[in-house]
Amino acid sequence: MRWVEMEIAVVGDEQEPYAALLTEVAGCQGWSADASAVRGYLPVDERLEGSLLALRQAAGREVTIRFVQEEDWANAWKQYFKPQRIGERIVIKPSWEEFSPLPGDLVVEMDPGMAFGTGLHATTRLCLRALETHVQGGETLTDVGTGSGILAIAAVLLGAHSASCTDIDPLAVRIARENIERNAMVGKVFALEATLPPPGQFDIVVANILPDVILGMAEELVAATKPGGLLIVSGIIEARTEDVKAGLVARGLTILAVETEGEWVAISARSE
């Protein structure tokens, strides 16, 4: 398959905001960055022209493209994905990198492939820190829009009893299942192809997606959260924080915390 590499020139600390445009506006599958540019990748198909136009409009600057083969993009971003410590105990380790953990480290070994969820994005880090704060041990958890499965796997490492995760993208579900197996979580973490949370109620529900999607499925997210349980949502830019908070409060939740990193926000709310 042929792919197109979309490149946006950046300066200073612009990498993450423009990487977010690549993934959320254009729908790029994977991205890489250096000091001068961010690059995202899309298959060459009938959607390409519309994605490129939407990205140029959202970015407000030139987007250059070049065509690459699948194996080229699949390896391009790996040089930027190194082991990283998030919070107090969680370490995200690429499957191809060596790492010597310290006592007490909880190592999540990942190969995200074409799925979102390396820990490189601020929203993933915000969710991981929220889980580190709130997982006390023995909880059940579901992660809606799981991508690579990173949050569900980390939750069980932190002490959750079990986790189920869903994604609308069958490729993401396959990658999540591979990462579940890679981290010896078979039987503890389950990945399902679905748009909504799985049946039942959970102590913790996580949704790291987009504000409009969170609000659109708010009833289902709240219904999946046990009374007294916790809903963690992210994928939210700072300008949409009040919209999402209001939507959760309107459905009977109590806002516990709003955490930020750069322009990104995670909200933790308690179900009554």
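Every chain is numbered independently, its residues counted from 1 as its sequence is written. It should be noted that, the model being predicted, local features are given only for residues of pLDDT at least 70 and side-chain atom pairs only at 80 or more, the latter also being counted only at that level, while totals for whole chains, interfaces and linings use all residues. Side-chain numbers here rest on the full set of heavy atoms in the structure, without hydrogens or water.

> Which residues make up the overall build of the chain, and what values do they have?
Here a helix means four or more residues in a row that DSSP labels H or I, a strand means two or more in a row labelled E, and each is numbered from the N terminus. Each helix and strand counted, the chain has nine helices and 14 strands in total. Between the two quantities, the radius of gyration covers C-alpha atoms and the globule rule is 2.2 Å times the number of residues to the power 0.38. Radius of gyration (C-alpha) of the chain: 18 Å, near the 19 Å computed for a compact globule of 272 residues. In terms of overall dimensions, the chain has C-alpha extents of about 50 × 45 × 35 Å along its principal axes. Three exposure classes are used, based on accessible area relative to the maximum for each residue type with a 1.4 Å probe and protein chains only: buried under 20%, partly exposed in between, and exposed over 50%. For the chain, with 272 residues in total, the buried portion stands at 51%. For the chain, the accessible surface area stands at approximately 11,900 Å², while carbon and sulfur atoms represent 53% of it. In this tally, Asp and Glu contribute negative charge and Lys and Arg positive charge; neither His nor the terminal groups of the chain are included. Each charge is placed at NZ for Lys, CZ for Arg, CG for Asp and CD for Glu. Separation of charge centres in the chain, based on 22 positive and 39 negative side chains, amounts to 3 Å. With residues, only the protein chains shown are counted as cover, and all accessible areas are computed by Shrake-Rupley using a 1.4 Å probe.

> Requested: an account of a nonpolar patch on the surface, with residues and values cited.
Taken together, Val44, Ile65 and Phe67 make up a surface patch of nonpolar side chains, about 240 Å² in accessible area. Looking at Ile65, the relative accessible area reads 37%, which means it is partly exposed. Like charges within 9 Å and nonpolar side chains (Val, Leu, Ile, Met, Phe, Trp, Tyr) within 5 Å are joined into patches, using only residues over 30% in relative accessible area that form no salt bridge. Salt bridge criterion: a side-chain nitrogen from Lys or Arg within 4 Å of a carboxyl oxygen from Asp or Glu.

> Can you break down the pattern of salt bridges residue by residue, with the values?
Tallying each qualifying case throughout the model produces 17 salt bridges. Across the salt bridge formed by Arg66 and Glu5, the nearest N and O atoms sit 2.8 Å from each other. In this pair, Arg66 is assigned in strand 4 (residues 64-69) and Glu5 in strand 1 (residues 2-9), connecting sequence segments 61 residues apart. Classification of Glu5 as buried rests on a relative accessible area of 7%. A salt bridge links Asp212 to Arg240, with the nearest nitrogen and oxygen atoms 2.9 Å apart. Pair noted here: Asp212 is in helix 7 (residues 211-216) and Arg240 is in the loop between strand 12 (225-237) and helix 9 (241-250), with a separation of 28 residues, a long-range link.

> Outline the environment of Ala37, listing residues and values.
Mapped onto the secondary structure, Ala37 falls in strand 3 (residues 37-43). The contact rule is simple, with two residues in contact once any of their heavy atoms fall within 4.5 Å. Filtering out sequence-adjacent residues up to four positions away, Ala37 remains in contact with Glu7, Ile8, Ala9, Val10 and Ser32.

> Go over the sheet that holds strand 7 (residues 106-110) with me, naming the residues and quoting the values.
Strand pairing requires that DSSP identify at least two bridges connecting the strands. A sheet is described by the order of its strands in space; here three strands give the open sequence 5-6-7, paired in mixed fashion. Two strands lie at the open edges of the sheet, namely strand 5 (84-86) and strand 7, each paired on one side alone. Within the sheet, the average angular offset between the axes of one strand and its neighbour, ignoring direction, is 30°. One ladder, built from three bridges, connects strand 5 with strand 6 (residues 90-94); its direction is antiparallel. Each bridged residue has a counterpart across the sheet, and for Arg85 the counterpart in strand 6 is Val91. To obtain each axis, a line is fitted to C-alpha atoms, and for helices this fit is confined to the stretch in contact; angles are then taken between N-to-C directions over 0 to 180 degrees.

> Which residues make up unusual backbone geometry, and what values go with them?
Despite not being glycine, Ala184 has its phi angle at roughly 55°, a positive value. Assignment of secondary structure puts Ala184 in the loop between helix 6 (170-182) and strand 10 (189-193).

> Break down the layout of surface pockets for me, with residues and values.
To find leftover empty space, a probe the size of one water molecule is rolled over the atoms. Here a cavity denotes a set of grid points, spaced 1 Å apart and computed over the protein atoms alone, in which a 1.4 Å probe fits but from which it cannot get out, and a pocket denotes an open set meeting protein on both sides within 12 Å along at least five of seven lines; residues with an atom within 4 Å of a point are reported as lining. Grid points are joined across faces, edges and corners, and a volume is the space filled by probe spheres set on the points. The calculated volume of the second largest pocket comes to roughly 250 Å³. Every residue lining the second largest pocket is counted, 13 residues in all, and those nearest its centre are Glu24, Leu210, Pro211, Ile237 and Trp264. Elements supplying a minimum of two residues to the lining of the second largest pocket: helix 1 (15-24), helix 7 and strand 12. No other element matches helix 1, which puts four residues into the lining of the second largest pocket. Classification used: nonpolar for Ala, Val, Leu, Ile, Met, Phe, Trp, Tyr, Cys and Pro, charged for Asp, Glu, Lys and Arg, polar for all others including Gly. Broken down by class, the residue content of the lining of the second largest pocket amounts to eight nonpolar, one polar and four charged.

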